[in-house]
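Chain by chain, the residues:
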Amino acid sequence: MLSLNGIGKRFGGLTALEGISFNVGKGSITGIIGPNGAGKTTLFNVATGIYPPSCGAVLLEGKDISKLPPEGRARLGLVRTFQNIELFGKMTVLENVMVGLHTQSSSGLFACSFRMPWQMSEEKRIRARAMELLDFVGIPELAEVQAGTLSFGKGRLLEIARAMALEPKLLLMDEPAAGLNSSETAELADLIKKIRDLGVTVALVEHDMDLVMDICDQLVVLNLGTMLAEGTPRQIQDNPAVITAYLGEE
Amino acid sequence: MKSDRIKFLVFALVVLLMPLPLSGGYLTNVLIFVGINSVLALGLNLLLGYAGQISLGQAAFFGLGAYGSGVLTTAYGLNPWLAMIAVAVCVALFAFAIGFPVLRLKGHYLAMATLGVGVIVNIAFNETVDLTGGPSGLSGIPNLSIGSLTFDSDLKNYYLVWVFALGMILLSLNLVNSRFGRGLRAIHDSEVAARVMGVNARLMKVQVFTLSAFMSAIMGSLYCHVMTFISPNSFGFHFSVELLTMIVIGGLGSVYGSILGALLLTMLPEMLRTFQDYDIIVYGLLLITMTIYLPGGLVEGIPALFRRLVPAKKVTEGSDA
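Chain B carries the name Branched-chain amino acid ABC transporter permease in an unreviewed UniProt entry, which gives Geomonas paludis as its organism. Of the comments in the UniProt record for chain B, the one headed Subcellular location (unreviewed entry) reads "Cell membrane".

Identification of chain A as ABC transporter ATP-binding protein from Geomonas paludis is taken from an unreviewed UniProt entry.

A few words now on the interface of chain A and chain B. How big an interface is tends to be stated in terms of accessible area lost as the parts join. The interface is formed by 33 residues belonging to chain A together with 23 residues belonging to chain B. Listing elements by their share of the side of chain A that touches chain B, those giving two or more residues are helix H2 (70–75), strand S6 (78–81), helix H3 (93–100), helix H4 (109–113) and helix H5 (117–137) of chain A. Among the residues making up the side of chain A that touches chain B, the classes are represented as 14 nonpolar, 10 polar and 9 charged.

What follows deals with the packing of helix H4 (residues 58–74) of chain B against helix H6 (residues 107–127) of chain B. When two helices pack together, their arrangement is captured by the angle between the axes and the distance separating the axes. Residue and element names in this part refer to chain B. At a minimum axis distance of 8 Å, the contact between H4 and H6 shows a crossing angle of 30°. Between H4 and H6, the crossing angle belongs to the class labelled roughly parallel. Considering only the axes of H4 and H6, their crossing is left-handed. Facing Ala59, Ala60, Gly63, Leu64 and Tyr67 of H4, the residues of H6 in contact are Val117, Gly118, Val121, Asn122 and Phe125. Class assignment for the residues of the contact of H4 with H6 results in 7 nonpolar, 3 polar and no charged.

This next bit is on the sheet that holds strand S5 (residues 63–64) of chain A. Residues and elements named next belong to chain A. The antiparallel open sheet is built from 4 strands, whose spatial order is S2-S1-S4-S5. Looking at strand neighbours, the two that pair on one side only are strand S2 (14–24) and S5, the edges of this open sheet. Across 2 bridges, the pairing between strand S4 (residues 55–60) and S5 is antiparallel. Paired with leucine 59 across the bridge in S5 is aspartate 64. Of the strands in this sheet, strand S1 (2–11), S2 and S4 touch helix H1 (residues 40–48), which is tilted by about 115° from S1.

What follows is about H5 of chain A. Residue and element names in this part refer to chain A. Between its terminal C-alpha atoms H5 stretches 31 Å, which fits the 30 Å expected from 21 residues at 1.5 Å a residue. Inspection of H5 places Gln119, Glu122, Ile126, Ala130, Leu133, Leu134 and Val137 among the buried residues, and these make up the whole buried set. Axial view of H5: buried residues confined to an arc of 115°, hence all on one face. In H5, the exposed residues that point more than 90 degrees away from the buried face are Pro117, Ser121, Lys124, Ala128 and Asp135. For H5, the secondary structure elements touched by its buried residues are H3, H4, helix H6 (152–165) and helix H7 (182–197).

Judged by nonpolar contacts, the single largest core of 171 residues is most densely connected at Ala161 of chain A together with Val91 and Ala217 of chain B. Top contributing element to this core by residue count: helix H11 (residues 201–227) of chain B, with 17 residues. Leaving out residues up to four positions away in the same chain, valine 91 of chain B has contacts with Phe61, Leu64, Gly65, Gly68, Ala213, Phe214 and Ala217 of chain B.

Residue and element names in this part refer to chain B. Sequence positions flagged by UniProt for "transmembrane region" (unreviewed entry) are, in local numbering, residues 33–52, 59–76, 82–102, 109–125, 158–176, 208–231, 243–268 and 280–299. In residues 59–76, helix accounts for 89% and strand for 0%; the two terminal C-alpha atoms are 24 Å from one another. For residues 158–176, the helix share is 100%, the strand share is 0%, and the end-to-end C-alpha distance is 26 Å.

For the rest of this paragraph, the subject is the pairing of strand S9 (residues 218–223) of chain A. All names here are of chain A. When you tally the buried positions in S9, you get 5 out of 6 residues, the bulk of the element. Sheet analysis places strand S3 (residues 29–33) next to S9, joined by 4 bridges and oriented parallel. Among the inter-strand pairings, threonine 30 is bridged to a residue of S9, identified as glutamine 218. Two elements, S9 and strand S10 (residues 226–231), share 5 bridges in a ladder whose sense is antiparallel. In the sheet register, valine 221 faces S10, and the bridge partner there is alanine 229. Connecting S9 to the next strand, S10, in antiparallel fashion are 2 residues, including leucine 224 with a positive phi near 50°.

All names here are of chain A. Helix length check: H6, at 14 residues, gives a terminal C-alpha distance of 20 Å against a target of 20 Å (1.5 Å per residue), a fit within 8%. Within H6, 11 of the 14 residues are buried, leaving the element largely enclosed by the surrounding structure. All of the buried residues along H6 are Gly155, Arg156, Leu157, Leu158, Glu159, Ile160, Ala161, Arg162, Ala163, Met164 and Ala165. Turning to H6, the residues buried within the fold contact S6, H3, H5, strand S7 (170–174) and H7.

Definitions and cut-offs
- Residues numbered from 1 in each chain as written.
- Chains lettered and ligands numbered in written order.
- Predicted model: local features only at pLDDT ≥ 70, side-chain atom pairs only at ≥ 80, totals over all residues.
- UniProt positions renumbered as here; feature names shortened; annotations may be inferred.
- Contact = placed C-beta atoms within 7 Å.
- Helix = DSSP H or I, 4+ residues; strand = E, 2+ residues; numbered from the N terminus.
- Nonpolar A, V, L, I, M, F, W, Y, C, P; charged D, E, K, R; others polar.
- Axes fitted to C-alpha atoms, helices over the stretch in contact; angles between N-to-C directions.
- Parallel < 35°, antiparallel > 145°, perpendicular 65-115°, else oblique.
- Left-handed = near helix turned anticlockwise from the far one by under 90°.
- Pairing = 2+ DSSP bridges.
- Expected span 1.5 Å × (residues − 1).
- Buried ≥ 20, exposed ≤ 12 C-beta atoms within 10 Å, placed from the backbone.
- Arc of directions from axis to C-beta.
- Core = buried A, V, L, I, M, F, W, Y, C linked by C-beta atoms within 7 Å.

Here is the structure:
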């Protein structure tokens, strides 16, 4: 689904990532883990086009997307959520999801200002679809609430609904469980599995090991900007290099 | 949706009936400029209040519209309506062309770049004396006319300007409550997130910048035909700041706020006559006070004040456009 080939990223003299290569299998849930400062978020930003890679290539279904801006990648089905939740705070919950449906609609400046009939029916369709998505994540009652006033947990659910609006083939989630309490995390785990069951490939960066071990089919471990290990959760748990990186030398 | 329609109809009715009690007096004349300034403020508000992109050069587009129509109709004797359309299209193309490099900038840098555009255009009005008459202005611009109806009185001009203004206000209301408007507000809240959602932020910013320039140019053309005389002073940096003050006072991100701000700040200079050139200090103070104490502008402030004064009754607040 997604292949990273020899990704490197430098900020001035600082090497944030070096020689990262792995595949995210279609229909899988892949976890990217590693200690703080390992380069996980940077890797996400490179994969989604927020930063260009210094070297290497990002391939989506075999197609090189390294040069595409974020909105171009979104159109191809590569969608992400953010660690600190990037909602449109001054808009309502429903409107947030409707922005997510931007790529599923096409009315431009003229059609919108003149309220063309096709624009009106498109608007109706978007609104109905946005409500469906709020149902899917379980917050339909919050539709008219201003997004900036949501709790962190609800905000996370909204962000996922908004990302799902783009009908992603691959959903990248940056620390989805960060800031959630244990019952919210359990709900999140169910939701992520539900998303996978819809045929969406999921890749996530996460610190919560219980969550990762529970839902991931495949893990990639980063340390100091390089790849330390790759394998199933079981293999990673027993990998001596990983244990050293997390717990230090014995 | 329906309440928005009714709100607009009530507003349009008030506008259309307004001149009756005034019977063409001085106030009618002032309200012509309220109409022009409303659209100029609205254009800037679409850009700043909705998309979050500042422009300190709006007066330039207004001036280009006015001088374009003025020169084409006096020196070249072109039909004023034809000139208006041709000039507006050219100004829009100009804005589109400079929009791509300029709108890559953010914050102070964007403010400086648009300020620069405004200043350069104003210098051009002053220096191209052969074409524009330079600092002494351009006179003898004809009134607009349709068939035998010539717009030569305050009352006629009032309706001329406000029919255009109402049209643009209606289109703007439609725009902000649509896919395009949501895209703009998303860019304002978080450009990165908007782009990840597939919103083409770069293009949309340029589109709304172009739209605001187009609206300003049309108003510029109307202005020159209403005034029949124009001079560069009306299109300087000072006026760009005035427009900015209008929308900050009225309400950023509100269509009706733009109109309220235009109404207040068009009436205000009449009262500030005694301060003469120092009125810009008053604008500065207003800007500072509003951003500190009432960042939502008067359209948010007045209902909030009302709620505080009448706590028992529930004041229903319409979804703000």
